[in-house]
Amino acid sequence: MTIAGFVACAAAAYGVSVYPGGAARSHLEEQLPQLRQDLASLRVSAAEVRRLRDQVARSAVSRAGALATVEASLRVAGLQATASESGPEGARGVAVHVAAADSAALFDWLQVLHREQGLHVESARVEGLPGGGVRGELILAGGP
């Protein structure tokens, strides 16, 4: 009777603890391929969201809007520079005259302007200053 009681207890313990875990594991293994497919789909969707967000951030602005954007970004960046319209009518060209700037700050500003507005350097003449920093003339163009 003791052996039968032990077997009964072992069977009950197995039924209560191990078997439900096995059933749950089996169920999860059945779901795993679908979950992996869902994850891949979410990653593709996230990449599309990033692409669309970047596209909206660089929406087209008018020539005057491009000039105003450049002027405002110069002030925010703290650069000693002036901006004016450049190029033929209908173009988004902006001429920037940099009186004096830290080169790293200037390049950081250009990177942000390109990322957020789609403007890029069409031409540049930049020279180093004796005490450090740079000055120059930049022509910015482009956009979406």
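Residues numbered from 1 in each chain as written. Predicted model: local features only at pLDDT ≥ 70, side-chain atom pairs only at ≥ 80, totals over all residues. Heavy atoms only, no water.

Caption draft 1: Representation of the pattern of salt bridges. Scanning all chains against the criterion turns up 2 salt bridges. A salt bridge links Arg-125 to Glu-127, with the nearest nitrogen and oxygen atoms 3.6 Å apart. Arg-135 is the partner of Glu-127 in a salt bridge, and the nearest nitrogen-oxygen pair spans 2.7 Å. One salt-bridge network, held together by shared partners, links Arg-125, Glu-127 and Arg-135. (Salt bridge = Lys/Arg side-chain N within 4 Å of Asp/Glu carboxyl O.)

Caption draft 2: Just the nonpolar core, in detail. One finds Val-70, Val-96, Leu-106 and Trp-109 to be the most contacted residues of the largest nonpolar core, which totals 18 residues. Contributing elements (two or more residues each) for this core: α2 (63–77), β2 (94–101), α3 (103–117) and β4 (134–142). Among residues more than four places away in sequence, those in contact with Leu-106 are Leu-79, Val-98, Val-134 and Leu-138. (Core = buried A, V, L, I, M, F, W, Y, C linked by side-chain atoms within 4.5 Å. Buried < 20%, exposed > 50% of the residue type's maximum accessible area, 1.4 Å probe, protein only. Helix = DSSP H or I, 4+ residues; strand = E, 2+ residues; numbered from the N terminus. Contact = heavy atoms within 4.5 Å.)

Caption draft 3: Structural context of the environment of Leu-79. Within the secondary structure, Leu-79 is located in the loop between α2 and β1 (80–85). The exposure class of Leu-79 is buried, given its relative accessible area of 12%. Here the alpha-carbon distance between Leu-79 and Ala-101, two residues 22 residues apart in the chain, equals 6.1 Å. Ignoring anything within four residues of it in the chain, the contact list for Leu-79 reads Leu-74, Ala-101, Ala-105, Leu-106 and Trp-109.

Caption draft 4: Region of the structure containing the pairing of β2. Sheet topology note: the β1/β2 ladder contains 6 bridges and is antiparallel. Bridge pairing in β2 links Glu-85 to Val-94. One ladder, built from 6 bridges, connects β2 with β4; its direction is antiparallel. Note that in β4 the partner of Val-96 across the bridge is Leu-138. (Pairing = 2+ DSSP bridges.)

Caption draft 5: The sheet that holds β4, seen in detail. Across the sheet, 4 strands lie side by side as β1-β2-β4-β3; this open sheet has antiparallel pairing. At either end of the open sheet lies a strand with only one pairing partner, and these are β1 and β3 (119–128). Neighbour to neighbour, the strand axes of the sheet diverge by 15° on average, direction disregarded. Here β3 runs beside β4; their pairing, made up of 9 bridges, is antiparallel. Looking across to β4, one finds that Ser-123 is bridged to Ile-139. Against the sheet, α3 makes contact with β2, β3 and β4, and its axis sits at roughly 10° relative to β4, the strand it touches most. (Axes fitted to C-alpha atoms, helices over the stretch in contact; angles between N-to-C directions.)

Caption draft 6: Highlighting the side chain of Ser-73. Inspection of the secondary structure assignment puts Ser-73 in helix α2. A polar side-chain atom of Ser-73 sits 2.8 Å from a polar atom in the side chain of Trp-109. Once residues within four sequence positions are removed from consideration, Ser-73 is found in contact with Trp-109 and Leu-113. (Polar contact = N/O pair within 3.5 Å; in protein donor to acceptor, adjacent residues only side chain to side chain.)

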